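Per-entry structural report
Listed below, chain by chain, are the residues.
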Amino acid sequence: MLDELLAAWISRQRWFGGKGRAIDELSIDSEVELRPGLRHLVVAVWQEGSRDRYQLLLGEREQLPDRLTHALIGTTPGDTYLYDAVHDFELTGWLLDGMADDATRNGLRMRHVPGTTIDSDQRSLVLGAEQSNTSLVYGDAYICKLFRRLIPGVNPELEIVLALAARDAPHIARPYGWIETDLDGTSTTLAFMQEFLSPANDGWDLALASVRDLYALPPEVAAAEAGGDFAAEARRLGAATARVHHELAAAFPTDVVESHDVKRMAEGFRRRLGRAIAEIPELREHVGVIEEAYHQVELLTHHVPVQRVHGDYHLGQVMRTPTDWVVLDFEGEPGQPLAERRALSSPLRDVAGMLRSFDYAARHLLMDHSQAEKLEPRAQEWADRNRAAFMEGYTDGGGVITRGDAALLRAFELSKAVYEVVYEARNRPSWLPIPLAAFRPRATV
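A brief structural summary. No experiment lies behind these values; they were computed from the predicted model shown.

What follows is about the overall build of the protein chain. Helix and strand counts for the protein chain come out as 12 helices and 18 strands. Taking 445 residues into account, the globule formula puts the C-alpha radius of gyration at 22 Å, and the protein chain, at 23 Å, falls close to it. By its C-alpha atoms, the protein chain is 65 × 50 × 50 Å across when sized along the principal axes. For the protein chain, with 445 residues in total, the buried portion stands at 51%. The contacts of the protein chain with a sequence gap of at least 6 include a subset with a gap of at least 24, amounting to 66%. As presented, the protein chain carries roughly 20000 Å² of accessible surface, and 50% of it is formed by carbon and sulfur atoms. Side-chain charges of the protein chain comprise 48 positive and 67 negative groups, with the mean position of each set lying 3 Å from the other.

Here it is in structure tokens:
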């Protein structure tokens, strides 16, 4: 009975990774009672011969208050209401209590970061914007991310932030605690709690506000003269990014990729391009530009330094506090295998991701705009200005961009744009002009 209720419910959740495919089977791998009326479940979902596992806090009530009706999973034959208990602030205090006490309950290990104190009286609220995880904000003190889809192993976000915090590195949110269990005999991260940056602003929102201000001005007013100019912030963000890369290189092993492996990297770019062209015909007219960028990488003869990187870097992953920029979400791309997310890579991959994010911020507001064609030059002006400012900040902050690095950066950026073309074609076809603009000639960054 519970299996059937969960199978019907889980397919409708934003964080469920198997949307659009039938669920062949759902089973409960583990079930731990945390307190009366609250259980922790790990469920296995089988689709087309493959298995994914998800975690769920299952609440039980004889009566369900109106504030929890949106979290209803179903009812038992005895008329007990079953619901997603992350939305129940009367139950989610167990997360804080458990981490504060370093509790272990039937295989669930709750830990706090040494030297920190957790106030377990804070009341929780679920953030609604996330797609692949669920985050609970406790008062104005903590944000606790529950990793819904479970992959055996230590989550890169926990690993990286703890290592950086041990070095007193700037530009990160202070870690407070985590929850783990064993899956397939491997210690696996279930949740991670950090400082909640209550007075901070999201980088994407700040960038959009700047673009919106520029679009509202007469065309003779340059971006540099606009009241909402973002370039100074882009420069500070570049410097913060360079410092984070420096700290990552100091906290984890580094290596170099020899020239023949760099050529293999270019071959990988080409394979992804070939698959994309087969699916998205609009890419064909840009093949020459993309291939030339990849060819320049093949000509490189120097070694390329590699290290731990963010892996999914864009304006939505950074917050502007009253004092500086803070980088969040070091877990990498959630859809990628854990080994790939933990693998060493060129820091230029992060730089390319942020450059692409500036392009998205510049053109995002044009997608449904009646004056989109007229405003396109303004979008290009804003993107070019802020991309250049970011790169100036990155190099001033200690980031190294040699002539050879510039060729690799260009290839990383176009490879990212190829990925974006496929994503937009599948999910938001009207947004295709944003990544396609990446292949047009532009000012040198």
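What follows concerns the sheet that holds strand β9 (residues 134-138). A sheet is described by the order of its strands in space; here 7 strands give the open sequence β6-β7-β12-β13-β10-β9-β8, paired in antiparallel fashion. Every interior strand has two partners, whereas the edge strands, β6 (104-105) and β8 (124-126), have only one. Summarising the sheet, strand β10 (residues 142-146) and strand β13 (residues 186-195) pair through 5 bridges and their orientation is antiparallel. Paired with Lys-145 across the two strands is Phe-192, which belongs to β13. Lying over the sheet, helix α2 (residues 93-101) contacts β6, β7 (108-112), β9, β10, β12 (175-183) and β13, oriented at roughly 70° with respect to β7. Across the sheet, helix α3 (residues 156-166) is in contact with β10, β12 and β13; its angle to β13 comes to roughly 55°.

Let us now look at helix α4 (residues 203-215). Compared with an ideal rise of 1.5 Å per residue, which puts 13 residues at 18 Å, α4 spans 19 Å between its outermost C-alpha atoms and is within 8% of the ideal. Within the span of α4, buried status applies to Gly-203, Ala-207, Leu-208, Ser-210, Val-211, Leu-214 and Tyr-215. For α4, the arc enclosing every buried residue in end-on projection is 155°, short of the 170-degree limit, so these residues lie on one face. The inward-facing, buried residues of α4 contact β14 (201-202), β17 (318-320), β18 (325-327), α9 (348-364) and α10 (372-396). Measuring from the backbone nitrogen of Trp-204 back to the side-chain oxygen at the start of α4 gives 2.9 Å, which picks out Asp-202 as the cap.

Given a rise of 1.5 Å per residue, 17 residues ought to cover 24 Å, and the 24 Å separating the end C-alpha atoms of α9 matches this to within 8%. Burial of α9 is extensive: 15 of the 17 residues sit out of reach of the surface.

Summed over the entire model, instances satisfying the criterion amount to 3 cavities of 30 Å³ or more. Reported here for the largest cavity is a volume of approximately 70 Å³. Lining of the largest cavity is provided by Val-309, His-310, Gly-311, Gly-332, Glu-333, Gln-336, Glu-340, Arg-341, Ala-343 and Arg-349.

Together, Asp-97, Asp-101, Asp-102, Asp-119 and Asp-121 line one region of the surface with negative charge. Inspection of the secondary structure puts Asp-102 in the loop between α2 and β6. By relative accessible area, Asp-102 is classed as partly exposed at 34%.

Moving on: the environment of Phe-147. Tracing the backbone shows Phe-147 in the loop between β10 and β11 (149-150). In this structure the C-alpha to C-alpha distance between Phe-147 and His-364, which are 217 residues apart in sequence, comes to 29 Å. Residues contacting Phe-147, with those up to four places away along its chain left out, are Gln-55, Asn-133, Asn-155, Glu-157, Thr-189, Leu-190, Ala-191, Phe-192 and Glu-331.

Here we take up the packing of helix α7 (residues 287-298) against helix α11 (residues 403-427). It is the contact of α7 with α11, at a shortest axis distance of 8 Å, that shows an interaxial angle of 140°. Here α7 lies oblique to α11, going by the angle between them. The two elements α7 and α11 meet at a crossing, and its hand is left-handed. Along its contact with α7, which presents Val-289, Ile-290, Ala-293, Tyr-294, Gln-296 and Val-297, the element α11 presents Ala-407, Leu-408, Arg-410, Ala-411, Leu-414, Ser-415 and Val-418. Across the contact of α7 with α11, the residue classes break down as 10 nonpolar, 2 polar and 1 charged.

Let's shift gears to the packing of aromatic side chains. Any two aromatic rings considered together are summarised by their centre-to-centre distance and by the angle between their planes. All told, the structure shown has 12 aromatic pairs when counted by the stated rule. Relative to Phe-412, the ring of Phe-269 has its centre 5.7 Å away and its plane inclined at 70°; by these criteria the two rings are edge-to-face. Taken together, the positions of Phe-269 in helix α6 (residues 259-279) and Phe-412 in helix α11 put the pair 143 residues apart, joining distant regions of the chain. The exposure class of Phe-269 is buried, given its relative accessible area of 3%. Among the residues examined, Phe-412 registers a relative accessible area of 11% and is labelled buried. An aromatic cluster is built from Phe-230, Trp-325, Phe-358, Trp-382, Phe-390 and Tyr-394, whose rings are joined through pairwise contacts. The ring centre of Phe-89 lies 3.6 Å from the NZ or CZ of Arg-123, which sits over that ring. Here the basic side chain of Arg-308 rests over the ring of Phe-252, its NZ or CZ set 4.9 Å away from the ring centre.

Criteria and thresholds
- Residues numbered from 1 in each chain as written.
- Predicted model: local features only at pLDDT ≥ 70, side-chain atom pairs only at ≥ 80, totals over all residues.
- Heavy atoms only, no water.
- Helix = DSSP H or I, 4+ residues; strand = E, 2+ residues; numbered from the N terminus.
- Rg over C-alpha atoms; globule rule 2.2 N^0.38 Å.
- Buried < 20%, exposed > 50% of the residue type's maximum accessible area, 1.4 Å probe, protein only.
- Contact = heavy atoms within 4.5 Å.
- Areas by Shrake-Rupley, 256 points an atom, 1.4 Å probe, with all protein chains shown as cover.
- Lys, Arg positive; Asp, Glu negative; His and termini not counted.
- Charge placed at Lys NZ, Arg CZ, Asp CG, Glu CD.
- Pairing = 2+ DSSP bridges.
- Axes fitted to C-alpha atoms, helices over the stretch in contact; angles between N-to-C directions.
- Expected span 1.5 Å × (residues − 1).
- Arc of directions from axis to C-beta.
- Polar contact = N/O pair within 3.5 Å; in protein donor to acceptor, adjacent residues only side chain to side chain.
- 1 Å grid on protein atoms, 1.4 Å probe; cavity = no way out; pocket = protein on both sides within 12 Å on 5 of 7 lines; lining within 4 Å.
- Points joined across faces, edges and corners; volume = space filled by probe spheres on them.
- Patch = residues over 30% accessible without salt bridge, like charges linked within 9 Å, V, L, I, M, F, W, Y side chains within 5 Å.
- Salt bridge = Lys/Arg side-chain N within 4 Å of Asp/Glu carboxyl O.
- Parallel < 35°, antiparallel > 145°, perpendicular 65-115°, else oblique.
- Left-handed = near helix turned anticlockwise from the far one by under 90°.
- Nonpolar A, V, L, I, M, F, W, Y, C, P; charged D, E, K, R; others polar.
- Phe/Tyr/Trp six-rings, centres within 6.5 Å; stacked < 30°, edge-to-face > 60°.
- Lys NZ or Arg CZ within 6 Å of the ring centre and 35° of its normal.

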